Amino acid sequence: MRKGYFSLVLHAHLPYIRHEEAHRLEERWMYEAISETYIPLLWEVDRLSRPLGWTVSISPPVIEMLADPLIQDRYIEHIEDTLRLIRQELERELDQKERDALLFYQDRYQDLLNTFLHWEKDLNRAFRHYKEQGYLDLITCTATHGFSPHMLSEQAARSEIQTGLNCFERHYGFRPSGLWMPECAYTPGLDRILYEEGIRYTFVDEHSILNADPAPKHGIGAPVYSPHGVALFPRDQIISGKIWSSVIGYPGHPDYREFYRDLAYDREWDQIAEFMHPEGLRYDTGLKLHRVTGETDQKDYYVRDWAWQRTSEHAADFAQALGEHLDAYQGQDFPPFLVTAPFDAELFGHWWFEGPDFLGKAMERLEDQAIESISPAMFLERHFQDIDTAHVAMGTWGRKGYAEVWINERNDWMIRHLHQLEKRLAGIVARNRHQDALTVKAKRQLIREYLLAVSSDWPFILDGQTTAQYAANRFREHILRFEETERRLDAQELTMDWLEGRYQQYPFLQDEDIEPDVFLTAHDYYVAVKRDATLNKDGILMFTRDYEQSHRPVRDVARRLAAAGENVYVVTEHPEAYRFEEGVHVYGVQVTGLPIVQTYNQLAALNLAFLRQAQALAKIVDFQVVHNFNMETASAAQAIAKMKELPLVSNVYDVESERSPDRSGGLVVALKRLEGDALRQSAVVYLEREESRNGVEQEYHVEKKPLRFEENLEKPYQHVTNPKKNG
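The paragraphs below set out a description of the structure included in this document.

Cut-offs and rules
- Residues numbered from 1 in each chain as written.
- Predicted model: local features only at pLDDT ≥ 70, side-chain atom pairs only at ≥ 80, totals over all residues.
- Heavy atoms only, no water.
- Helix = DSSP H or I, 4+ residues; strand = E, 2+ residues; numbered from the N terminus.
- Buried < 20%, exposed > 50% of the residue type's maximum accessible area, 1.4 Å probe, protein only.
- Contact = heavy atoms within 4.5 Å.
- Areas by Shrake-Rupley, 256 points an atom, 1.4 Å probe, with all protein chains shown as cover.
- Phe/Tyr/Trp six-rings, centres within 6.5 Å; stacked < 30°, edge-to-face > 60°.
- Lys NZ or Arg CZ within 6 Å of the ring centre and 35° of its normal.
- Salt bridge = Lys/Arg side-chain N within 4 Å of Asp/Glu carboxyl O.
- Pairing = 2+ DSSP bridges.
- Axes fitted to C-alpha atoms, helices over the stretch in contact; angles between N-to-C directions.
- Parallel < 35°, antiparallel > 145°, perpendicular 65-115°, else oblique.
- Nonpolar A, V, L, I, M, F, W, Y, C, P; charged D, E, K, R; others polar.

Some points on the overall build of the chain
A tally of helices and strands in the chain yields 25 helices and 17 strands. The principal-axis extents of the C-alpha atoms in the chain amount to approximately 95 × 65 × 45 Å. Evaluated residue by residue, the chain yields a buried proportion of 58% over its 727 residues. Across the chain, the fraction of contacts at a sequence separation of at least 24, relative to all contacts at a separation of at least 6, is 75%. For the chain, the exposed area adds up to about 30,600 Å²; of that, 48% sits on carbon and sulfur atoms.

Have a look at this one:
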């Protein structure tokens with residue numbers, strides 16, 4: 001046996017595109033995936049009939065659609081229509097090669113139908129059978145393939161993970177130890193949620209491991225443990241590229257089937273009209289009769305025997321390349337070198353028609369090369385003690401390795417809607433805990449609408465501009481359905497029949513899959529329900545970037561005011577979301593999202609984070625004053641004070657000219673403008689250092705004379721007149 005391992009991971013996923021009405025174009029995506037990927041993969045598993053070391057991830061939308069009687073029956077109609085079209089075509093006068101290609105498809109579609117009926121139309125049952133035989137391992141994905149780095153709250157990420165696992169367990173009878181995170185996206189902290197939900201491994205792209213801190217001893221030749229003990233398996237880009245690169249990959253060989261040439265566009269309309277959309281639209285029949293041939297539009301007919309032979313040659317080439325790759329690392333021990341190759345399953349069969357044949361043959365050639373194929377679960381069982389622990393930063397397998405695909409000028413408008421839904425869900429579940437069956441069902445329907453909206457497929461499609469209108473409409477539809485359900489819940493206009501009708505329009509996930517209080521935190525519940533209502537009145541809202549700073553008085557002032565009976569809320573930059581400390585409510589915010597290198601953009605991100613937290617607090621607390629202790633957060637403090645018509649008090653420790661005495665130019669001017677605007681809007685400006693007086697008076701032209709804070713420590717708001725309350 002060769003030293004080292006190979007691990008193939010196939011992720012089967014489509015967005016939830018089931019519609020009650022017939023003839024939806026998008027539903028054909030599912031039929032194509034069944035015909036070209038899922039059943040052909042099962043054929044290979046059945047043909048080899050032995051433990052393969054493959055891991056197949058099946059996402060909840062695919063699981064639910066495979067189990068849906070409507071989809072199952074329509075798939076049979078689709079196959080029968082295709083067979084009827086083939087028979088009609090064979091009655092025509094055809095070139096012999098074209099006829100041979102059609103005869104191949106006739107046999108193939110008959111085999112697809114036979115296999116589908118053999119499993120009584122339930123392919124979940126087929127995958128489960130081969131899992132139980134020990135031929136492959138099965139895992140799943142999050143509920144709707146939401147892109148976790150863009151989620152605002154821990155609860156949102158948990159809802160995706162927990163609900164996806166519940167759905168998988170209901171269909172497959174066990175809870176997997178691994179989970180495919182959509183787009184191989186990882187962010188620090190996600191591992192804690194995964195671990196708490198029972199997940200022991202997931203996958204990342206190789207740059208995440210290569211840039212980890214500390215650098216792992218084995219590079220991408222082994223997984224690493226995250227700080228919370230979840231194993232992160234890195235994608236090997238060289239080996240993955242060997243299969244799929246547009247430059248060096250196999251699928252572009254001239255003998256393979258041409259994906260972009262379909263019979264539907266080679267025939268006159270009246271020849272195929274009855275097999276097209278009733279509204280007169282052409283769509284792919286799946287009968288692609290040509291081969292890649294070359295880079296021109298002139299394509300030759302597909303010759304199945306040639307393609308079949310070519311897969312044998314490519315499988316042997318791949319096995320040899322993999323063997324040489326492992327030999328290059330044969331000095332690695334504890335553990336031996338592991339090549340992890342995760343792919344979208346639909347690449348094999350749908351995009352590369354001969355892909356499943358290749359995979360099956362590659363397994364046989366791996367055996368010839370004495371290469372052991374192993375699943376991540378088995379690898380961990382053998383080598384759990386041989387793995388480094390490292391901090392892995394945010395990363396994905398998307399374009400350029402981070403989040404560009406899922407946030408750009410074509411789709412960034414979606415994020416603010418999703419963040420709003422997260423916040424509203426947190427409030428709804430807090431206000432409606434321990435309610436009747438109707439309210440519990442309503443909460444589940446609201447979470448279902450959120451999950452259907454948060455799918456990463458919608459921004460992905462908008463990025464690619466393929467079926468962008470459908471993706472945008474589906475996203476907006478679920479936002480509107482959420483808002484309508486929420487309005488009816490608040491107005492007490494809901495009925496069981498209305499909720500059941502909503503569910504039947506998108507019967508995705510059963511109620512038992514959805515934990516109705518997954519968005520609830522103990523703090524939200526406490527603030528919304530349990531806390532004495534008087535504590536929500538007349539609060540003091542303080543902003544400080546560092547609450548722990550000993551040379552500034554903010555912490556002492558906050559505690560002294562709390563001890564005197566004031567309701568004090570502090571927003572600060574801190575990883576801990578909330579703590580109640582000596583009578584003071586301290587809310588931590590973190591600047592999340594993409595790395596931002598420019599100072600001005602860092603300040604903008606910081607102020608946005610402070611403002612978002614302040615807005616959330618203002619929904620449940622009536623504030624009497626906003627008190628800002630840092631010039632860096634002056635914009636957020638000014639904004640929330642203006643929004644809620646509250647007096648603003650500012651403490652100045654130093655000004656921009658003191659912090660950056662040697663700098664000038666546009667950035668300095670911009671910072672001064674931001675700080676000056678906030679100070680001029682302040683009802684009171686306090687100086688923590690007398691040395692800052694000249695800067696405040698001369699650089700910012702504040703009309704009110706700055707006061708010394710130490711002289712007003714006991715009563716800092718005595719100079720604030722006519723304080724207003726937020727409504």
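Back to the write-up after that little detour.
Brief notes about the packing of aromatic side chains
Inspection of every chain in the model, using the stated rule, returns 43 aromatic pairs. A ring pair is formed by Phe 104 and Tyr 302, whose centres lie 6.1 Å apart and whose planes are at 50°; its orientation type is tilted. Here Phe 104 is found in helix H4 (residues 96-118), whereas its partner Tyr 302 is found in the loop between helix H10 (269-272) and helix H11 (304-327), with 198 residues between them in sequence. Taking the relative accessible area as the measure of exposure, Phe 104 reaches 15% and is therefore buried. With a relative accessible area of 2%, Tyr 302 lands in the buried category. Ring centres 6.4 Å apart and planes at 55° place the aromatic pair Tyr 260 and Trp 351 in the tilted group. Here the residue Tyr 260 occupies a position in the loop between helix H9 (237-244) and H10, and Trp 351 occupies one in the loop between strand E8 (338-344) and helix H12 (355-368), the gap between them amounting to 91 residues. Put simply, the rings of Phe 6, Tyr 250, Tyr 256, Phe 318, Phe 343, Phe 348, Trp 352 and Phe 358 touch in pairs and so form one group of aromatic residues. In this structure, Lys 288 is placed above the aromatic ring of Phe 259, and the distance from its NZ or CZ to the ring centre is 4.9 Å. Just above the ring of Trp 308 sits the side chain of Lys 361; from NZ or CZ to the centre is 3.5 Å.

So, the pattern of salt bridges
Note that side chains of opposite charge can pair when their charged atoms are close. Counted by the stated rule, this structure contains 66 salt bridges. Among the salt bridges present, the one from Arg 170 reaches Glu 64, with a minimum N-O distance of 3.2 Å. In this pair, Arg 170 is assigned in helix H6 (residues 154-172) and Glu 64 in helix H2 (residues 60-66), connecting sequence segments 106 residues apart. On the basis of relative accessible area, Glu 64 is assigned to the buried category, the value being 10%. For Asp 463, the salt bridge identified is with Arg 399, shortest N-O distance 3.0 Å.

Looking at the sheet that holds strand E6 (residues 224-225)
The strands making up a sheet associate through hydrogen bonds between their backbones, and the pairing can be parallel or antiparallel. Reading across the sheet, the 3 strands line up as E5-E7-E6 and stay open at both edges, with mixed pairing between neighbours. The sheet terminates laterally at strand E5 (201-205) and E6, the two strands that pair on one side only. Two strands pair when backbone bridges link them, and E5 and strand E7 (residues 231-235) are joined in this way by 5 bridges, in the parallel orientation. Within E7, the residue paired with Thr 202 across the bridge is Leu 232.

Re the side chain of Glu 26
In this fold, Glu 26 is placed in the loop between strand E1 (5-12) and helix H1 (27-48). Setting aside residues no more than four positions away along its own chain, Glu 26 makes contact with Ile 17 and Tyr 470.

Thoughts on the pairing of E8
Burial analysis of E8 places 6 of its 7 residues in the buried class, which makes it a mostly covered element. Pairing of E1 with E8, which is carried by 7 bridges, proceeds in the parallel orientation. Residue pairing for E8: Leu 10 is matched across the bridge by Phe 343.

Quick word on unusual backbone geometry
A cis amide bond, omega -5°, links Asp 213 with the succeeding residue Pro 214. Looking at the element boundaries, Pro 214 is found in the loop between helix H8 (206-210) and E6. The omega torsion across Phe 334 and Pro 335 is 5°, close enough to zero to call that bond cis. Here Pro 335 lies in the loop between H11 and E8.

Notes on the packing of H9 against H11
Packing of H9 against H11 leaves a shortest axis separation of 11 Å and a crossing angle of 170°. As far as their axial angle goes, H11 and H9 are roughly antiparallel. Here Ile 238, Ile 239, Lys 242 and Ile 243 of H9 come into contact with H11, specifically with Asp 317, Phe 318, Ala 321, Leu 322 and His 325. Here the contact of H9 with H11 is built from residues that sort into 6 nonpolar, 1 polar and 2 charged.

What to know about the sheet that holds strand E10 (residues 539-544)
One open sheet holds the 8 strands; their spatial order is E12-E13-E11-E10-E14-E15-E16-E17, and the pairing between them is mixed. This sheet does not close on itself; its edge strands, each paired only once, are strand E12 (578-581) and strand E17 (707-708). One ladder, built from 4 bridges, connects E12 with strand E13 (residues 584-589); its direction is antiparallel. Each bridged residue has a counterpart across the sheet, and for Arg 579 the counterpart in E13 is Val 586. Running at roughly 165° to strand E14 (residues 623-628), helix H22 (residues 634-643) makes contact with E10, E14 and strand E15 (648-652) of the sheet.

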